[in-house]
Every structure is written in C-alpha cells, then in structure tokens.
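Okay, here's what each chain looks like letter by letter:
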Amino acid sequence: MQLWLIPLLPLAGFLINGILGRRLPKSLINAVAIGSVVLSFGWVLKTLFGLDLNTAHTEHYFTWIQSGTLSIGCDFSVDRLTAVMLLVVTGIGSLIHIYSIGYMAHEGGYYRFFAYLNLFMFFMLVLVLGANYLVLFVGWEGVGLCSYLLIGFYFDKKFATNAGNKAFIVNRVGDFGFSLAMFYIFRTFGSLDFATVFGQTAGASEATLTMIGLLLLVGACGKSAQLPLYVWLPDAMAGPTPVSALIHAATMVTAGVYMCARSFPIYTHAPAAMNAIAVVGIATAFFAATIGLAQTDIKKVFAYSTVSQLGYMFVGVGCGAFSAGIYHLMTHAFFKALLFLGSGSVIHALSGEQDMREMGGLRTKIPWTCWTMFCASIAIAGVPLTSGYFSKEAILAAANQHAPWMFWLGTITAGMTAFYVFRAWCMTFLGTYRGHHHPHESPPSMLVPLAILAVLSIAGGLLFKIPTFLATFFPEHEVPEDFTLTLIASSAGIIGILLAFLIYGFKPSIADAFARAVKPLYTFVYNKYYVDELYDNVIVKPVVNGSRVVLWKGFDAGLIDAIVNGTGTRARNLGSVLRLIQSGNIRSYATWVLLGSLGVIAVIVGIASSGGMR
Amino acid sequence: MNLAAAFQMLSVLVVPLIGFIAAMCVPRSRPQNSRSLALVMSLLAFLDSLQLISKFDRTQGGEQFVLDLTWIPSVDIHFATSVNGVSLWLIVLTTFLTPLCVLVSWNSIQSRVKEFYAFLLLLEFGLVGVFLAQDLFLFYVFWEVSLVPMYFLVGIWGHDRRIYAAVKFFLYTMAGSMLMLVAIIYLYLQAHTFSYTKILEMLSRGDLSFTAGEQMLLFLAFFVAFAIKVPLFPLHTWLPDAHVEAPTAGSIMLASVMLKMGTYGIMHFCVPLFPRSAHTCAPWIAVLAIIGIIYGALVAMVQPNMKKLVAYSSVSHLGFVVLGIFSFSQAGMDGAVYQMLNHGISTGALFAIVGLLYERRHSLEIKDFGGVATVAPWLSTAFLITTLASIGLPLLNNFVGEFLVLQGTAMEHYQWTIYASIGVILSACYMLWLYQRVFYGEVNPEVRSHISDLIPREWAVVIPLVVMMVWMGVYSQSFLPTVGKVTALVLEQSKINVPERVQIHGPRAGSMEAANAR
C-alpha cells in the first residue's frame, strides 16, 4: 500500500523548502508545504479505505541496523490504533498548515517555518507508523528536534532559545528511560518488533514487564509533559502559536500516550506499572490545573491545560481504558488545537499581545474567533454532548472503577478546567477592551480552520466513536454505566463555567479581592510553585558549578595535569633539547625526523637481534 | 598472494608517501603548487581506497589483500600488511578526511606552506600504515611515523601555547609507545617472530602461552599505550591542549583518525592476543570508560573555548567505543567500530566548522560569538546538523553506533548501560548550549563585521561530511556487515585461553527466562 509515501511527502516538502525556500516566492512555498501535507492526508484516507484494519498491515523496506542476531528493520505498520493517529496527525496537521499561511504572513523566516513544520509531520508520521520500538524512537527523537527548532524559531530571542534547549534536554531525560526500556526489551525478547515482543509478553515475568513498563513511562512523562518532567511544555509557548497548537497540544505531546497505549500487551501484564501511569496522570492533571487557575498569559493558561489534559489521557490508559485515553487524545486534539489557534488569532489581532489583562471586550471585534473559541471551551469543560464530554466521561468512569479517589480528584480537576478556560474566555472577550491596539479579525485562511475545528470540537465525539472503533484492538474493558457519576462529573464542569462567568463576566472585582485575600497562596501558584527555581538550584546549578570547580579546575587541571607537568619538569632537559632543535629550519626538522626514526629502528633491531640470538 | 590486489592496497600507502616527497621538492616560492599537489595526491589516495572497497570481498571476515615481504631478514621483520573489514573503513576514513583537511587549510595556512602539506601527507602515510601493518615491528614504526608529523603540525602551525601542547602530546604518547615497544620485544623474544598472524596462530595452537602474570603485564603495556591515544580517562589531559593549539587540519586528523589508532589497537591487538587479561580487566576498563563518558561530558559543558569543548566531548564519545569493545558482545563491538567511524566524521566536521569560524573571527572563545545564524545561515545549518549527529539523533550516524554499543553492553551488563546512558543526556546539554551561545541570540557587532557564509571551497568540505552523516545514519548496511564479520572473529579469538568463560547473556537467555515463567 506504499505506506512510505505518507511520511515521505512532507519530507520532500521539507527538503524543497529547506534548501530552495529562500529564493522561492511565498505562494510556491505555501503550495509545497501545504500541498505535501494535504496529499499525505489524502494518501492516508486512500490507504485506510483500502485496508482491512482488523489485522496489522506491515511493510518492510530495508534493514536499518544489523549486528549478529540483532536486526532492526525500517518497517511501517498500520492497524486501528495507527489509523486513528494518522488521521489526527495529518488531518489536524493540514488545518494548522493552512492556518499558518495567514498567521505567519508578516513574520521573517517564512520558508524556514514551513520547512520545520513539514519536517515535524515527517517525524510524527514515522512515529505512528513505526512497526518496532526503534523506528518509533526515530520519530520520537525527530519530533523532539522539530519542537526544539520551532520553540527557538525566533532565535535572536534568548528566552526562546532557552526554552528550546530546556525542551530538548528535559525530553532527553525522558528518552534516557525510553532507551533503557528498549535495551531491556531487546535483552528479554530478542527483538524490538511490536509483533514479536507483544507475542511473548504473556510468558515473561511480571517483574521484568513492570520494569520495562516503568522505564517506558519515564519516556512518556518526558514527551507528554507529565510530573515531574512537565516543566518544558509551558516554556515551549515561546514558539509561534501554530506550533503550540500542532506540536505542543494536538500531536507530539500525545506521543507518550500513544506509546503507552501501543505497549498495552506489556502493561496489561504489569499492573503495578499501569497503576503508576494512572497515579502520575491524575497527579499531573490536578497539579497543572491548579497552576492554570492563576496564569495571566493566554497561551500559558492553555499550556498548563494541555499538561493537565494529557494527565487525563494517562489516567485512561493507566486504568486499562486504553481506548478512552485515545478517545480523549483525539477530542483534545480538536478542542485544544482550536483553543491555541483561537488564541493565536487573538494575538494576531492584537499585534502580539498575550497578556489577558490587556484584552477584554473582543467579542464584538473578532466575533469568529470569539465563538469558535467558545465551542472549544465548552468542549474542554465537558458540557454534555460536546466531544470532550464523551471522552472525559469514559476516562472518569474507568478511574472510578480503578480507584474512586481518582474519580473524585478527576472531577475536581474537571471543575477547575472549566473554570480556568472560561476565565480566559471571559477575560478575553467579555467586558470592555483594556489594551491599546486596534483589533482586527483574522484572514479567511485562519478562520476556516477555526470553523472546521469548532465543528469537530462540538460534534467530533459523536462522529468518531473511538471506543467502538478500537473495541477489538484493545483488551476488553467493561465499565458499568453509572448515570450518577456522569451527572456529578458534568455538573463539576458546569459549576466551573458558571463560577467563571460570575466572577470574570459580571464582577471582575471579586477575583482581585480573592487574590488579595489569599495573597501568599496566590503568589505561590502564580509562580508555578517555584518548581523551575527548585530544579535550577537543586540540579542545574550544582551540576554546572561542580563540573567547573571540582572536575575541570580541580581534578583535570589541578590534579592530573599537576602530576603530568611535574613529570614534565623533571624532563625539562628533554624540553631544552627540543628547544635546541626548534631552529626554524624545516630541512633540519626533516633531517631530525629521518635520523630519529632510523635511530629508533637501529636501536630496536640491535636489541631484538641480540635478544633473538640469545 | 594476489599481487594485483596487494598492489592496490600498497598504492593507498605509497601515494601519500610520494606526495610527501614531491611536496618537499616543490619550491618554497610557489605555495599554490604545494596546495594543489597535496589536493591531487590526497584525492588520488582517496580514489585508491575506493578501489580497495570495490575489490574487497564482503563475504569474508579475515584479512584480505595479504602482502608479506621480508624486510630485515636477520630478525625476521616483515613488511606484512593486509586489510580487514574494520581497517578498511578506517583507511577510507583517513583518505576521505585528508583532502578535506587540505581544503580547510587552503587559506588559513600562510607560512611554511610546503612543509605543512608535506607533513599532512606524511601523516596520512603513517596513519594508513598503522591500519595496514600486520607485523608488530612494522606497526610500531608506523605508529611512531604518524606521531612525528603531528608533533610538528601542532608545534609549528599551532596557536600561542603550541610548544607546551606539542611537548605534552609527545611525552604522553612516547611514554605509551615505550611500554608498547617493550611488550613487542618481549613478545618477539618468546615467539621469535614479529608476525601478528603467526603469533595468533601459535597462541591458538598452544605453541605459545603465557602465565597469567606475564599476560597481564603484556596486556597492560599494550593497553596503556593505546589508552593514552584513545584517550581513556584519566590519561586524557594531553588531548584538550593539543586540540586547542593545533591548526584546524591537525585537530581534524588528531580527533578523527589518530584517536582511533588507540581503539583499533585495543581491538586488533590487545583483545585477541591477551584475551584472558582483557576479560579480567574488562570491568575496571568499563568503569574508566563510563567515568570518561560522564566526566568528559560534564567538563565539556563548562568549557569557555569551542575547541576544548569538542575535545572533551571526544573523551566522552571515545568512552562509548571502549565500553563497546569491553562489553564482549557482538553488538557492542560492532557499535564500537561504527562509533570510531562516526566520531571521525562528526567530530571532524565539528573541528572543520570551528576552524572556519576561527578563520573569520580569529577567536575560539564562545563569548566572542553570538548570532552567527543570522549572518551565516548555511554555515550554521551545517554546524547544526553536525551537532545533531554528535548528540546521537536517529537517522544520523552516531545514533547507530551509540545504540549498538549500549544495546550490546546491556546484553551483558545492564547496569553499565544505565550509567553510560547518562552521557547521552549530557551530550545534548553541552552541544545545544554551545550552539545557542555561538549561533543564536542577537548578532554581536564583531560577528556581523567578520563572519560571512560558506564559500564554494568550504562547501566542498562540508557537503561530503554531511552526506556521510546521513548515509551512515540511514543505511548502515553499507558498512556494518563487513565490520560484523571481523568483530565476530575477534569475539571468537577473545575466547581462546579464557578458562573461566564470562557468562554470555543473550536473547536466548531472556526467552528461557520467559519460558520458565510460563
């Protein structure tokens, strides 16, 4: 079925724009960048319609790495899980590419932006198509690279390149776990192919699988920004907003969830590891939501919201409701991409303003943006029958079955989510305009993707019933329907919305009064619990200073070189001999070389022959 | 003996030597002729080595193009040379990099031009010889021959502290060479031959055997000589100084090829000759390698000088190579060899581009740069790709090597892998931090007035290197199969004379565990 065409099309786009883009007109750059992704989307549709998805369809292209019994193929594979991911990635990817035409129109480095974006699509598609862990890892690292490049897109800005480095390095910490998991998998099963490995998990010991599962989780925590490795994602908002939507909300950050779901045959035999996923997920969901309550930068609100929502997906996967996790992955891709693109439209309208305190009253000035974002907001808040409602209910129901305290924490988080999202919406669109720019509605190339995503945010949950689609793929997971739970969870969302309207829509003074009343707590949350400062002072600074003072100046220069130079001093005579021959005349050097070599040879031959004769 | 094939091999060795002699004869007043001559001769040698690849029989693991001529009959010294699936690639690496070194030095070397290129070609001759020699005495001669031109490259064309660096380099290496020489002579006294192949045969037949103590001393004598060259922690302090002071071409050849003399020596001589000692010392050596991986990376992170940073990163990268060899696993050894080649390409490229920056800005201090990406986008792109290769991004060369080393090590000693993998995190730290400070940020005014983008001659240096990074990262099958045949043999040889076998964990052991659980 020529699966290779799916990622290769964006790669071709990257190469064309990356190499020639500087000289190409914008229209051609657009055609190449958007064309390649849309074609790829088309090829995904064609492939999926032509395949029987009940069994995995695998294609082998060439042997990538081989050494003894170790053989890693460049293999792609499609099954139901991949199908969902392919559609989300290429579908949302196409929309965001189109949106970027308008958003990036006035930015420098236009061709570079689209080249990176296409390269990202290539790696993301490799990630979901890979038929073994190592090919998945290629995509995994590759999307990390593109994330790094795009976060630091404005590379003359220090904060942007700092954020890029932070993203890459924190992800490396996660990859440390991921690669150790791969080494352990190969050590245990003698292969990294999904089919081979998963075929043997039933016979492996639980301790082994638990260890593998936990190491994979470390990797997933890095990529999907879970505790304690979530710190890079909020900073990643330094990149252009379409990047935040595509990479840091809809696709790349969900790779960890995908990878854990993909590895379900390992996890189902390692309940402790699964429980760890759920605990990490629920803790992250709650923790990040609390930070989201107090942010004033519109993108930061949605960044913490993304961390929090990814936590939900982990809860789903960790509770055994794999399909619910993937369901939420998809619906989240719809509404979170829309929230980011919408905020991008707001930022675009305000010529770069991101502080919500400088917004307000934009409802009448940019109505399309306002109402499409409203659709996304009710979806993420879990208002009944919107897309977020279905996926969140599925996860919370599974959480209740797994451990009721997770359900309650998840429900409180849902309430907070609804609150901070509508807080943002109210601060942006209601009241009167507090800034001093001249807001203008965005061009159609930006509004059309917003409209499509708005439809998907509302109806996507009903249109694409992922749990049904994946029912045969994942192990059966029956959760009894419980209307009370649904009622409780939905009301939490509704209460959150009403509270936000009450405070920020009608009486903003309440918020200030409240913030003043609990000032220390507010400051603590506003500063993100000082986790960045903690990491900086406890890990980064000691390592850097220790390396400089103890290892380099102390050990390397102070100890080893002191010993060497001490020896050197004793050999100073040799040094002065060397200075003598430093006559500056090259012919004499050459003579020395020749004489020296001959001398050495003569001595050796002498020693050797006398020894030989003995 | 296939004469035509042997001639093919010899020509790779002889062409640089002819080049050296011819370069010495070029009149001093014509520097341009020296440059062109060096370029032509080094390209000829490269073409010759490509011929070698095409004639190489990839289905065989043993030595090929075997040539054995008596040199000094009285002591049975032979001019014995041959090529195997590992040395083949190291030779090609040498001949591939030499023309690039000529191009890199084109404008930057303005004094004593003819001698510079003469020494460069002599260096190539010595290096190719080291990888060809199968007679221990001949090996020693080439080992020393390669040392001399490098000493002068650093000492004459180096920067301010060149004499200190050159002497330090010389003393360190000579100390090791002396130990090796003693060991070679001792071997000769026991075996009455310098022929490496004969000694190996005698060992395997049992005609020659050493007591445990003897073997250990011999092993250590060879190993220390090689470990200094690698350099293995804590014998590495000559390297940063030599690199910082060396001219660009010297740094490239030093890092890319000369360091591999050490790792090649360990793999080709130490392990097969003294397998029992190698196994006994393996845990200690692995610990040093792992310390080197982490230590090199940490110290690299805090370097204010670009070349020093890259030098310490070499300590870290070469730690992976040593670790791979002493994992005594197929994947680990294959990875080690691949990593030797990868490091040659990517660190060669790092030094080349740092050299281009030095030529423009006349500084190696990181703080003197900033915003280079704005004024020289293609140069920055080339450095970015090299950086990514260096930190082991998949689809670029180093990833394949690092993966194999770590996977191979994990098969035998999983806990070693855990510590070594920390180096992978740290490599991202120091390289990306370097990249940020040099290439990103607002344009430093000095940078704006001095730094321009690549010119065609520089493109000719950068493109082959980048192409190789991608090729070796995507399609390792062009290289690994021949390597694997040799390493399989080395592994086989390393079992000779080892009574208490180190237990081999393999995938089979794992699946047995799985079966038991069932």
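Residues numbered from 1 in each chain as written. Chains lettered and ligands numbered in written order. Predicted model: local features only at pLDDT ≥ 70, side-chain atom pairs only at ≥ 80, totals over all residues.

When helices and strands are counted, chain A shows 26 helices and two strands. Overall size of chain A, expressed as C-alpha extent along the three principal axes, is 100 × 60 × 50 Å. The 614 residues of chain A split such that 56% are buried. In chain A, the share of contacts with a sequence separation of at least 24, taken over all contacts with a separation of at least 6, comes to 82%. (Helix = DSSP H or I, 4+ residues; strand = E, 2+ residues; numbered from the N terminus. Buried ≥ 20, exposed ≤ 12 C-beta atoms within 10 Å, placed from the backbone. Contact = placed C-beta atoms within 7 Å.)

This part is about the overall build of chain B. In terms of regular secondary structure, chain B is built from 21 helices and two strands. Radius of gyration (C-alpha) of chain B: 22 Å, near the 24 Å computed for a compact globule of 518 residues. Overall, chain B is about 70 × 65 × 40 Å in size when its C-alpha atoms are taken along their principal axes. Every one of the 518 residues in chain B was classed for burial, and the buried ones make up 64%. Within chain B, contacts between residues at least 6 apart in sequence are counted, and of these 81% link residues at least 24 apart. (Rg over C-alpha atoms; globule rule 2.2 N^0.38 Å.)

So, on to the interface of chain B and chain A. At the junction of the two partners, chain B supplies 69 residues and chain A supplies 63 residues. In terms of residues, the side of chain B that touches chain A owes the most to one element, helix α17 (residues 414-439) of chain B, which gives eleven residues. Residue composition of the side of chain B that touches chain A, by class: 45 nonpolar, 16 polar and eight charged. (Nonpolar A, V, L, I, M, F, W, Y, C, P; charged D, E, K, R; others polar.)

Residues and elements named next belong to chain A. Direction vectors running N to C along helix α13 (residues 271-292) and helix α18 (residues 404-429) enclose 30°, while the axes themselves pass 9 Å from each other. By the angle between their directions, the pair α13 and α18 is classed as roughly parallel. Crossing of α13 over α18 shows left-handed handedness. Contacts between α13 and α18 involve A278, I282, A285, F286, A289, T290 and G292 from the first element and M406, L409, G410, T413, M416, T417 and Y420 from the second. Tallied by class, residues from the contact of α13 with α18 come to nine nonpolar, five polar and no charged. (Axes fitted to C-alpha atoms, helices over the stretch in contact; angles between N-to-C directions. Parallel < 35°, antiparallel > 145°, perpendicular 65-115°, else oblique. Left-handed = near helix turned anticlockwise from the far one by under 90°.)

This next bit is on unusual backbone geometry. At the junction of L227 of chain A and P228 of chain A, the peptide bond is cis and its omega measures out at 0° in the coordinates. Residue F233 of chain B is joined to P234 of chain B through a cis peptide bond whose omega torsion reads 0°. Residue placement: P234 of chain B occurs in the loop between α8 (212-229) and α9 (238-245). The backbone of D76 of chain B shows a phi angle near 60°, a positive value even though the residue is not glycine. With respect to the helices and strands, the residue D76 of chain B is situated in the loop between β1 (64-72) and β2 (77-83).

In this section: the nonpolar core. Nonpolar side chains tend to gather and get buried jointly when the protein is soluble and globular. Membership of the largest hydrophobic core comes to 434 residues, with the highest contact counts inside it found for A337 and L338 of chain A together with F222 and C270 of chain B. Per element, the largest residue contribution to this core is 18 residues, and it comes from helix α4 (residues 110-129) of chain A. Beyond its immediate stretch of four places on either side in the chain, L338 of chain A contacts T372, M373, A376, L450, L453, A454 and S457 of chain A. (Core = buried A, V, L, I, M, F, W, Y, C linked by C-beta atoms within 7 Å.)

Okay, the confidence of the model for chain B next. All names here are of chain B. In the predicted model, chain B carries a mean pLDDT of 88, and 95% of its residues have values of at least 70. Confidence drops under pLDDT 50 across residues 499-518; counting only partners more than four residues distant or on other chains, this segment forms 24 contacts. Quick note on the complex model: pTM equals 0.91, ipTM equals 0.90. (pLDDT = per-residue confidence, 0-100.)

A word on helix α4 (residues 113-132) of chain B. Over its 20 residues, α4 of chain B extends 29 Å from the first C-alpha to the last, a length consistent with the 28 Å expected when each residue adds 1.5 Å. Counting buried residues along α4 of chain B, 20 of its 20 residues qualify, which places the element largely inside the surrounding structure. (Expected span 1.5 Å × (residues − 1).)

Residue and element names in this part refer to chain B. Pairing analysis gives six bridges linking β1 to β2, with the strands arranged antiparallel. Paired with L69 across the two strands is F79, which belongs to β2. Count of turn residues in the β1/β2 antiparallel hairpin: four residues, of which D76 carries a positive phi of about 60°. (Pairing = 2+ DSSP bridges.)

The pairing of strand β1 (residues 57-67) of chain A with strand β2 (residues 70-78) of chain A spans nine bridges and is classified as antiparallel. Paired with S67 of chain A across the bridge in β2 of chain A is L70 of chain A.

As a further point, take the environment of V230 of chain B. All names here are of chain B. Mapped onto the elements, V230 comes out in the loop between α8 and α9. For V230, a count of 28 C-beta atoms within 10 Å corresponds to the buried category. In the structure, V230 is positioned 84 residues away from S314 in sequence and 9.1 Å away in space, judged by C-alpha atoms. With sequence-adjacent residues up to four places away left out, V230 is seen in contact with L259, G262, T263, L318 and V322.

Okay, the packing of α4 of chain B against helix α5 (residues 136-157) of chain B next. All names here are of chain B. Running from N to C, α4 and α5 point in directions that differ by 150°, and their axes come no closer than 8 Å. Considering their axes alone, α4 and α5 lie roughly antiparallel with respect to each other. Crossing of α4 against α5: the hand is left-handed. Here F116, F119, L122, L123, G126, L127, G129 and V130 of α4 come into contact with α5, specifically with F139, F142, W143, V145, S146, P149, M150, F152, L153 and W157. Among the residues forming the contact of α4 with α5, the class breakdown is 15 nonpolar, three polar and no charged.

The next point concerns α4 of chain A. Counted at 1.5 Å a residue, the expected span for α4 of chain A with its 20 residues is 28 Å, and the 29 Å between its end C-alpha atoms agrees. The buried fraction of α4 of chain A amounts to 20 of the 20 residues, a majority that puts the element mostly inside the structure.

Residues and elements named next belong to chain B. Residue position: V92 is located in helix α3 (residues 87-108). Separated by 60 residues in sequence, V92 and Q32 have C-alpha atoms that sit 26 Å apart. When near neighbours in sequence (up to four residues on either side) are disregarded, V92 contacts S49 and I53.

Residue and element names in this part refer to chain B. For G401, the location among the structural elements is in helix α16 (residues 397-412). Residue class for G401 comes out buried when judged on the 30 C-beta atoms lying within 10 Å of it. Residues in contact with G401, not counting those within four places in the same chain, are G335, Y338, Q339 and N342.

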